Amino acid sequence: MRRPLVAGNWKMHGTRASVAELIKGLRQLAMPAGVEVAVFPPCLYIGQVVEGLAGKSILVGAQNCAVEPLQGALTGEVAASQLQDAGCSLVLVGHSERRILLGESDDWVARKFAAAQSCGLTPVLCVGETREQRESGKTLEVVGRQLDSVIESLGVGVFAQAVVAYEPVWAIGTGLTASPEQAQQVHAAIRAQLAAENADVARGVRILYGGSVKAASAAELFGMPDIDGGLVGGASLNADEFGAICRAAGS
Ligand code: 13P
(Lines give C-alpha, C1' and ligand atoms only; values in the text may rest on other atoms or scores of the structure.)
Protein backbone atom coordinates (compact mmCIF):
# COMPACT_ATOMS: atom_id res chain seq x y z
CA MET A 1 0.00 0.00 0.00
CA ARG A 2 1.38 3.37 -0.97
CA ARG A 3 0.72 6.14 1.53
CA PRO A 4 -0.77 9.17 -0.26
CA LEU A 5 1.27 12.36 -0.23
CA VAL A 6 -0.13 15.84 -0.70
CA ALA A 7 2.53 18.48 -1.24
CA GLY A 8 2.04 22.23 -1.45
CA ASN A 9 4.48 24.09 -3.67
CA TRP A 10 4.30 27.73 -2.64
CA LYS A 11 6.58 28.75 -5.54
CA MET A 12 7.87 32.35 -5.28
CA HIS A 13 4.99 33.50 -3.10
CA GLY A 14 4.92 34.96 0.37
CA THR A 15 6.22 37.53 2.80
CA ARG A 16 7.12 36.98 6.44
CA ALA A 17 3.63 38.19 7.33
CA SER A 18 1.70 36.07 4.82
CA VAL A 19 3.81 33.01 5.66
CA ALA A 20 2.94 33.51 9.36
CA GLU A 21 -0.76 33.61 8.41
CA LEU A 22 -0.46 30.46 6.33
CA ILE A 23 1.36 28.65 9.14
CA LYS A 24 -1.49 29.66 11.48
CA GLY A 25 -4.02 28.23 9.05
CA LEU A 26 -2.07 25.01 8.57
CA ARG A 27 -1.72 24.51 12.32
CA GLN A 28 -5.49 24.58 12.63
CA LEU A 29 -6.03 21.83 10.05
CA ALA A 30 -7.04 18.39 11.18
CA MET A 31 -4.58 16.08 9.47
CA PRO A 32 -6.26 13.15 7.74
CA ALA A 33 -5.07 9.76 8.95
CA GLY A 34 -2.82 7.88 6.60
CA VAL A 35 -1.93 10.88 4.43
CA GLU A 36 1.53 12.42 4.37
CA VAL A 37 1.46 16.21 3.98
CA ALA A 38 4.34 18.47 2.99
CA VAL A 39 4.84 22.13 2.14
CA PHE A 40 7.57 23.68 -0.01
CA PRO A 41 8.03 27.34 0.94
CA PRO A 42 10.49 29.69 -0.76
CA CYS A 43 13.96 28.97 0.56
CA LEU A 44 14.07 32.21 2.52
CA TYR A 45 11.14 31.17 4.70
CA ILE A 46 12.07 27.54 5.34
CA GLY A 47 13.35 28.31 8.86
CA GLN A 48 10.19 30.24 9.71
CA VAL A 49 8.00 27.38 8.45
CA VAL A 50 10.00 24.64 10.19
CA GLU A 51 9.72 26.53 13.48
CA GLY A 52 6.10 27.50 12.93
CA LEU A 53 5.01 23.95 12.15
CA ALA A 54 6.99 22.31 14.96
CA GLY A 55 4.96 19.51 16.51
CA LYS A 56 2.51 19.43 13.58
CA SER A 57 2.84 16.45 11.28
CA ILE A 58 3.58 18.44 8.15
CA LEU A 59 6.91 17.89 6.42
CA VAL A 60 8.87 20.79 4.99
CA GLY A 61 10.67 20.66 1.66
CA ALA A 62 12.63 22.98 -0.62
CA GLN A 63 11.81 23.90 -4.20
CA ASN A 64 15.34 23.40 -5.51
CA CYS A 65 18.86 22.51 -4.44
CA ALA A 66 22.34 23.02 -5.85
CA VAL A 67 23.97 20.39 -8.06
CA GLU A 68 26.75 20.17 -5.47
CA PRO A 69 25.50 18.38 -2.35
CA LEU A 70 27.78 20.11 0.16
CA GLN A 71 28.38 23.74 1.04
CA GLY A 72 31.09 25.54 -0.88
CA ALA A 73 31.83 28.36 -3.30
CA LEU A 74 28.64 28.49 -5.39
CA THR A 75 27.17 31.96 -5.14
CA GLY A 76 23.42 32.17 -4.76
CA GLU A 77 22.80 28.43 -4.52
CA VAL A 78 21.69 26.37 -1.52
CA ALA A 79 23.19 22.93 -0.89
CA ALA A 80 21.08 19.89 -0.08
CA SER A 81 23.13 19.49 3.10
CA GLN A 82 22.10 23.00 4.16
CA LEU A 83 18.44 22.25 3.42
CA GLN A 84 18.71 19.13 5.53
CA ASP A 85 20.34 21.17 8.30
CA ALA A 86 17.49 23.70 8.11
CA GLY A 87 14.90 20.99 8.72
CA CYS A 88 13.85 19.97 5.22
CA SER A 89 13.10 16.36 4.40
CA LEU A 90 12.21 16.67 0.71
CA VAL A 91 13.25 18.72 -2.29
CA LEU A 92 11.62 19.31 -5.68
CA VAL A 93 13.90 18.66 -8.63
CA GLY A 94 13.21 19.47 -12.25
CA HIS A 95 10.07 21.55 -11.83
CA SER A 96 9.02 22.66 -15.32
CA GLU A 97 9.30 26.33 -14.35
CA ARG A 98 13.00 25.70 -13.74
CA ARG A 99 13.48 23.45 -16.77
CA ILE A 100 11.79 25.92 -19.13
CA LEU A 101 12.44 29.37 -17.67
CA LEU A 102 15.90 28.72 -16.23
CA GLY A 103 17.11 26.17 -18.76
CA GLU A 104 17.66 23.36 -16.28
CA SER A 105 18.81 20.30 -18.25
CA ASP A 106 18.04 16.63 -17.63
CA ASP A 107 21.67 16.24 -16.62
CA TRP A 108 21.42 18.95 -13.96
CA VAL A 109 18.15 17.51 -12.72
CA ALA A 110 19.83 14.11 -12.25
CA ARG A 111 22.74 15.71 -10.39
CA LYS A 112 20.34 17.55 -8.08
CA PHE A 113 18.42 14.30 -7.52
CA ALA A 114 21.66 12.59 -6.49
CA ALA A 115 22.75 15.54 -4.34
CA ALA A 116 19.44 15.45 -2.48
CA GLN A 117 19.62 11.73 -1.76
CA SER A 118 23.23 11.91 -0.66
CA CYS A 119 22.11 14.31 2.09
CA GLY A 120 19.15 12.20 3.18
CA LEU A 121 16.52 14.31 1.43
CA THR A 122 13.77 12.70 -0.64
CA PRO A 123 13.80 14.11 -4.17
CA VAL A 124 10.47 14.78 -5.84
CA LEU A 125 11.26 14.44 -9.55
CA CYS A 126 8.93 16.60 -11.63
CA VAL A 127 8.18 15.56 -15.21
CA GLY A 128 5.63 16.69 -17.75
CA GLU A 129 4.94 17.70 -21.32
CA THR A 130 4.06 21.06 -22.87
CA ARG A 131 0.81 21.67 -24.72
CA GLU A 132 2.56 21.45 -28.09
CA GLN A 133 4.13 18.13 -27.12
CA ARG A 134 0.77 16.74 -26.03
CA GLU A 135 -0.95 17.95 -29.17
CA SER A 136 1.67 16.29 -31.33
CA GLY A 137 1.24 13.00 -29.49
CA LYS A 138 4.62 13.12 -27.76
CA THR A 139 3.50 13.06 -24.10
CA LEU A 140 4.73 9.58 -23.19
CA GLU A 141 7.94 10.03 -25.13
CA VAL A 142 8.78 13.31 -23.37
CA VAL A 143 7.92 12.08 -19.89
CA GLY A 144 9.68 8.79 -20.59
CA ARG A 145 12.85 10.62 -21.58
CA GLN A 146 12.81 12.83 -18.47
CA LEU A 147 12.44 9.74 -16.28
CA ASP A 148 14.99 7.78 -18.25
CA SER A 149 17.71 10.37 -17.82
CA VAL A 150 17.61 9.80 -14.05
CA ILE A 151 17.40 6.00 -14.42
CA GLU A 152 20.34 6.00 -16.83
CA SER A 153 22.62 8.11 -14.69
CA LEU A 154 21.65 6.85 -11.22
CA GLY A 155 19.94 3.48 -11.72
CA VAL A 156 16.30 2.56 -11.06
CA GLY A 157 17.04 1.73 -7.41
CA VAL A 158 17.14 5.41 -6.48
CA PHE A 159 13.36 5.53 -6.90
CA ALA A 160 12.97 3.41 -3.78
CA GLN A 161 13.67 6.67 -1.89
CA ALA A 162 12.07 9.21 -4.18
CA VAL A 163 8.74 10.56 -5.38
CA VAL A 164 7.73 11.33 -8.96
CA ALA A 165 5.37 14.18 -9.81
CA TYR A 166 3.63 14.25 -13.18
CA GLU A 167 2.84 17.86 -13.95
CA PRO A 168 1.64 18.59 -17.47
CA VAL A 169 2.98 22.06 -18.24
CA TRP A 170 -0.29 23.08 -19.90
CA ALA A 171 -2.18 22.40 -16.67
CA ILE A 172 0.10 24.42 -14.37
CA GLY A 173 -1.45 27.65 -13.18
CA THR A 174 -3.92 27.63 -16.05
CA GLY A 175 -7.02 26.28 -14.34
CA LEU A 176 -6.94 23.42 -16.87
CA THR A 177 -6.62 20.12 -15.03
CA ALA A 178 -5.75 16.90 -16.83
CA SER A 179 -8.76 14.63 -16.67
CA PRO A 180 -8.37 11.73 -14.24
CA GLU A 181 -8.11 9.41 -17.27
CA GLN A 182 -5.44 11.54 -18.98
CA ALA A 183 -3.39 11.68 -15.79
CA GLN A 184 -3.86 7.98 -15.02
CA GLN A 185 -2.57 7.05 -18.48
CA VAL A 186 0.72 8.89 -17.89
CA HIS A 187 1.05 7.70 -14.30
CA ALA A 188 0.59 4.10 -15.43
CA ALA A 189 3.23 4.59 -18.14
CA ILE A 190 5.69 6.01 -15.58
CA ARG A 191 5.10 3.05 -13.28
CA ALA A 192 5.44 0.60 -16.18
CA GLN A 193 8.74 2.18 -17.22
CA LEU A 194 10.10 1.71 -13.69
CA ALA A 195 8.62 -1.80 -13.49
CA ALA A 196 10.49 -2.82 -16.61
CA GLU A 197 13.66 -2.36 -14.54
CA ASN A 198 12.48 -3.23 -11.05
CA ALA A 199 8.93 -4.32 -10.18
CA ASP A 200 9.29 -3.73 -6.43
CA VAL A 201 10.54 -0.20 -6.87
CA ALA A 202 7.70 0.52 -9.31
CA ARG A 203 5.07 -0.82 -6.90
CA GLY A 204 6.34 1.28 -4.02
CA VAL A 205 7.05 4.63 -5.64
CA ARG A 206 4.51 7.38 -5.16
CA ILE A 207 3.51 9.28 -8.29
CA LEU A 208 1.80 12.60 -7.63
CA TYR A 209 -0.30 14.59 -10.05
CA GLY A 210 0.18 18.35 -10.30
CA GLY A 211 -1.49 21.00 -12.41
CA SER A 212 -4.39 23.16 -11.16
CA VAL A 213 -5.42 20.67 -8.47
CA LYS A 214 -8.29 22.12 -6.44
CA ALA A 215 -10.42 20.70 -3.66
CA ALA A 216 -13.19 20.17 -6.22
CA SER A 217 -11.06 18.06 -8.58
CA ALA A 218 -8.81 16.28 -6.07
CA ALA A 219 -10.94 13.31 -5.00
CA GLU A 220 -11.55 12.11 -8.54
CA LEU A 221 -7.87 12.40 -9.47
CA PHE A 222 -6.70 10.70 -6.28
CA GLY A 223 -9.20 7.91 -6.89
CA MET A 224 -7.23 6.68 -9.91
CA PRO A 225 -5.14 3.57 -9.27
CA ASP A 226 -1.72 5.08 -10.09
CA ILE A 227 -2.27 8.57 -8.65
CA ASP A 228 -0.83 8.63 -5.14
CA GLY A 229 -1.54 12.23 -4.21
CA GLY A 230 -0.89 15.70 -5.52
CA LEU A 231 1.63 18.46 -5.97
CA VAL A 232 -0.45 21.56 -5.46
CA GLY A 233 0.56 25.08 -6.46
CA GLY A 234 -1.90 27.95 -6.19
CA ALA A 235 -4.43 26.12 -4.03
CA SER A 236 -1.77 25.37 -1.41
CA LEU A 237 -1.54 29.08 -0.54
CA ASN A 238 -4.96 28.84 1.07
CA ALA A 239 -4.85 26.64 4.18
CA ASP A 240 -8.52 25.68 4.05
CA GLU A 241 -8.42 24.72 0.38
CA PHE A 242 -5.16 22.83 0.91
CA GLY A 243 -6.69 21.06 3.92
CA ALA A 244 -9.64 19.96 1.80
CA ILE A 245 -7.25 18.56 -0.82
CA CYS A 246 -5.37 16.67 1.90
CA ARG A 247 -8.65 15.20 3.15
CA ALA A 248 -9.54 14.13 -0.40
CA ALA A 249 -6.38 12.02 -0.42
CA GLY A 250 -7.52 10.27 2.72
CA SER A 251 -10.98 9.34 1.53
P1 13P B 1 -0.87 24.96 -9.84
O2 13P B 1 -1.54 24.04 -8.86
O3 13P B 1 -0.91 26.40 -9.43
O4 13P B 1 -1.37 24.72 -11.23
O5 13P B 1 0.70 24.57 -9.85
C6 13P B 1 1.07 23.26 -9.99
C7 13P B 1 2.52 23.15 -9.76
O8 13P B 1 3.32 23.56 -10.58
C9 13P B 1 2.97 22.55 -8.50
O10 13P B 1 4.34 22.29 -8.51
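Everything in this summary refers to the structure shown in the same document. Here the structure is a predicted model, which is why all the values come from computation and not from measurement.

**Quick word on the site of the ligand**
Here is step 1: For the ligand, the full set of nearby residues is Asn9, Lys11, His95, Glu167, Ala171, Ile172, Gly173, Gly211, Ser212, Leu231, Gly233 and Gly234.
Here is step 2: For the ligand, an oxygen atom lies 2.8 Å from a polar atom in the backbone of Gly234.
Here is step 3: Protein chains shield 96% of the accessible area of the ligand, which is 310 Å² for the free molecule.
Here is step 4: Across the shell around the ligand, the residue classes tally to 3 nonpolar, 7 polar and 2 charged.

**Looking at a nonpolar patch on the surface**
Here is step 1: Taken together, the side chains of Ile100, Leu101 and Leu102 define a hydrophobic patch exposed on the protein surface, amounting to about 350 Å² of accessible area.
Here is step 2: Mapped onto the fold, Leu101 is located in helix H4 (residues 96-101).
Here is step 3: The exposure class assigned to Leu101 is exposed, which follows from its relative accessible area of 69%.

**Points about the pairing of strand E2 (residues 36-40)**
Here is step 1: Among the 5 residues in E2, 5 count as buried, and that is most of the element.
Here is step 2: The side-chain alternation of E2 yields two buried faces, one formed by Glu36, Ala38 and Phe40 and the other by Val37 and Val39.
Here is step 3: Across 5 bridges, the pairing between strand E1 (residues 5-9) and E2 is parallel. Among the inter-strand pairings, Leu5 is bridged to a residue of E2, identified as Glu36.
Here is step 4: Handedness of the E1-helix H1 (residues 16-27)-E2 crossover: right-handed.
Here is step 5: Here 2 bridges tie E2 to strand E3 (residues 59-62), and the two strands are oriented parallel to one another. Bridge assignment links Val39 to a residue of E3, and that residue is Val60.
Here is step 6: Each parallel crossover has a hand, and the one from E2 via helix H2 (residues 46-52) to E3 is right-handed.

**Quick notes on the sheet that holds strand E7 (residues 206-210)**
Here is step 1: Strand order in this closed barrel of 8 strands is E1-E2-E3-E4-E5-E6-E7-E8, and the pairing throughout is parallel. With direction set aside, neighbouring strand axes in the sheet form an average angle of 25°.
Here is step 2: The pairing of E7 with strand E8 (residues 229-232) spans 2 bridges and is parallel. Looking across to E8, one finds that Gly210 is bridged to Leu231.
Here is step 3: Seen against the sheet, helix H7 (residues 139-154) touches strand E5 (122-127) and strand E6 (163-166) and runs at an angle of roughly 150° to E5.
Here is step 4: Across the sheet, helix H8 (residues 180-195) touches E5, E6 and E7, and the angle it forms with E7 is around 150°.

**Things to note about the state of the cysteines**
Among covalent bonds in proteins, the disulfide is the one between the sulfur atoms of two cysteines.
Here is step 1: In this structure the tally under the stated criterion is 0 disulfides.
Here is step 2: The cysteine Cys119 is free of any disulfide, with Cys65 supplying the nearest cysteine sulfur at 7.9 Å.
Here is step 3: Looking at Cys126, it has no disulfide partner, and the nearest cysteine sulfur is the one in Cys65, 12 Å off.

The rules behind the values
Residues numbered from 1 in each chain as written. Predicted model: local features only at pLDDT ≥ 70, side-chain atom pairs only at ≥ 80, totals over all residues. Heavy atoms only, no water. Near = heavy atom within 4 Å. Polar contact = N/O pair within 3.5 Å; in protein donor to acceptor, adjacent residues only side chain to side chain. Areas by Shrake-Rupley, 256 points an atom, 1.4 Å probe, with all protein chains shown as cover. Nonpolar A, V, L, I, M, F, W, Y, C, P; charged D, E, K, R; others polar. Patch = residues over 30% accessible without salt bridge, like charges linked within 9 Å, V, L, I, M, F, W, Y side chains within 5 Å. Salt bridge = Lys/Arg side-chain N within 4 Å of Asp/Glu carboxyl O. Helix = DSSP H or I, 4+ residues; strand = E, 2+ residues; numbered from the N terminus. Buried < 20%, exposed > 50% of the residue type's maximum accessible area, 1.4 Å probe, protein only. Pairing = 2+ DSSP bridges. Right-handed = clockwise from strand over helix to strand, strands pointing away. Axes fitted to C-alpha atoms, helices over the stretch in contact; angles between N-to-C directions. Contact = heavy atoms within 4.5 Å. Disulfide = S-S within 2.5 Å.

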